[in-house]
Amino acid sequence: MTVIQFGSLESTNRYCEALDLAGVEDFTCFWALEQTAGIGQQGNHWHASPGLNLTFSLVLHPAFLAAERQFRLTQALSLALADFLADFHLRQPAFIKWPNDIYVDGKKLCGILTSTRLQGAAIASAVCGVGLNVNETAFPDWVPNPTSLALLTGRTFELEPLLWQLLSCLERRYGNLRAGLDPEEEYLKRLMNLGTPAHYLYNEEEITATITGIDPHGRLLLTAADGRRLSCGMKEIAFL
């Protein structure tokens, strides 16, 4: 495991995606104390005040994973974050908001953004960006439902020991994936709103639906209140 630290980057994911990833060792971490233009899902901005939070990207080479099963990487990384948070004995457990945001008590604590490059039927490389709110206690109004480790625990944390603790959890889950262990069952146990009717925006229509599972390609499966069976990608559905 290698960690490369930067004082400031526009985005650790963008930095990694500009590299010749074939020459980067598997499970190399690029950590920035400040991101000036961090990105979240669907191109959204990721807010993180300088020096208060963990913002890093992992370069992985999961050639052992078939391209059609790449969502298993998302599941494994999400579960690693849940493993990490279990050590803090929070009053509420961590849940995964599909596909890979980490929520505690209805508020967003962490986001993961993964991009992959394929080689034939396998994944040649993956860049997995992680943004974890650590010591942030005041967020801009535009950040939806945020929380942080400091707000949840009443403590402040040194970032570097926390990073190594989290990387250890990520490495273990990545190793399990390499060994052929399927993370889906555990992922579903952690999935927010599974089996519970909730409100969504589906193709610009407000609906009530119940999450029933995930298909092999990572699409969200739901049953609407009117009986419709839905299979949704990220651009088709939003949580309300």
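About the thresholds
Residues numbered from 1 in each chain as written. Predicted model: local features only at pLDDT ≥ 70, side-chain atom pairs only at ≥ 80, totals over all residues. Heavy atoms only, no water. Pairing = 2+ DSSP bridges. Helix = DSSP H or I, 4+ residues; strand = E, 2+ residues; numbered from the N terminus. Axes fitted to C-alpha atoms, helices over the stretch in contact; angles between N-to-C directions. Contact = heavy atoms within 4.5 Å. Phe/Tyr/Trp six-rings, centres within 6.5 Å; stacked < 30°, edge-to-face > 60°. Salt bridge = Lys/Arg side-chain N within 4 Å of Asp/Glu carboxyl O. Buried < 20%, exposed > 50% of the residue type's maximum accessible area, 1.4 Å probe, protein only.

J.: Whenever I open this one, the sheet that holds strand E5 (residues 101-104) confuses me. Can you help?
T.: Read across the open sheet, the 7 strands follow the order E1-E2-E3-E7-E6-E5-E4; overall the sheet is mixed. The sheet is open, and its two edges are formed by strand E1 (2-6) and strand E4 (94-97), each paired on a single side. Sheet twist, expressed as the mean angle between neighbouring strand axes with direction ignored, is 20 degrees. Both strand E6 (residues 107-119) and strand E7 (residues 122-132) contribute to a ladder of 10 bridges, which runs antiparallel. The partner of Gly-111 across the bridge, within E7, is Gly-131. The strands that helix H2 (residues 71-86) touches are strand E3 (54-60), E4, E5, E6 and E7; relative to E6, the one it contacts most, it runs at about 150 degrees. Sheet contacts for helix H4 (residues 159-178): E1, strand E2 (28-32), E3 and E7; angle to E3, the most-contacted strand, approximately 35 degrees.

J.: Please clarify how the packing of aromatic side chains should be interpreted in this entry.
T.: Two aromatic rings are characterised by how far apart their centres lie and by the angle between their planes. Considering all chains together, one arrives at 8 aromatic pairs under this definition. Grouped by ring-pair contacts, the aromatic residues Phe-6, Tyr-15 and Phe-30 constitute a single cluster.

J.: Just checking my understanding: could you explain the pattern of salt bridges for this structure?
T.: When the charged atoms of two side chains with opposite charge come close together, those side chains can pair. In the structure shown here, the tally under the stated rule is 11 salt bridges. In this structure, Arg-228 and Glu-205 form a salt bridge, with 3.1 Å as the shortest nitrogen-oxygen distance. Remark: Glu-205 occurs in strand E9 (residues 205-214) and Arg-228 occurs in the loop between strand E10 (220-224) and strand E11 (229-232); sequence separation between them is 23 residues. On the basis of relative accessible area, Glu-205 is assigned to the partly exposed category, the value being 35%. A salt bridge links Asp-226 to Arg-228; its shortest N-O distance comes to 2.9 Å. For Arg-228, a relative accessible area of 30% gives the class partly exposed. Among the charged side chains, a salt-bridge network with shared partners connects Asp-83, Arg-172, Arg-173 and Glu-186.

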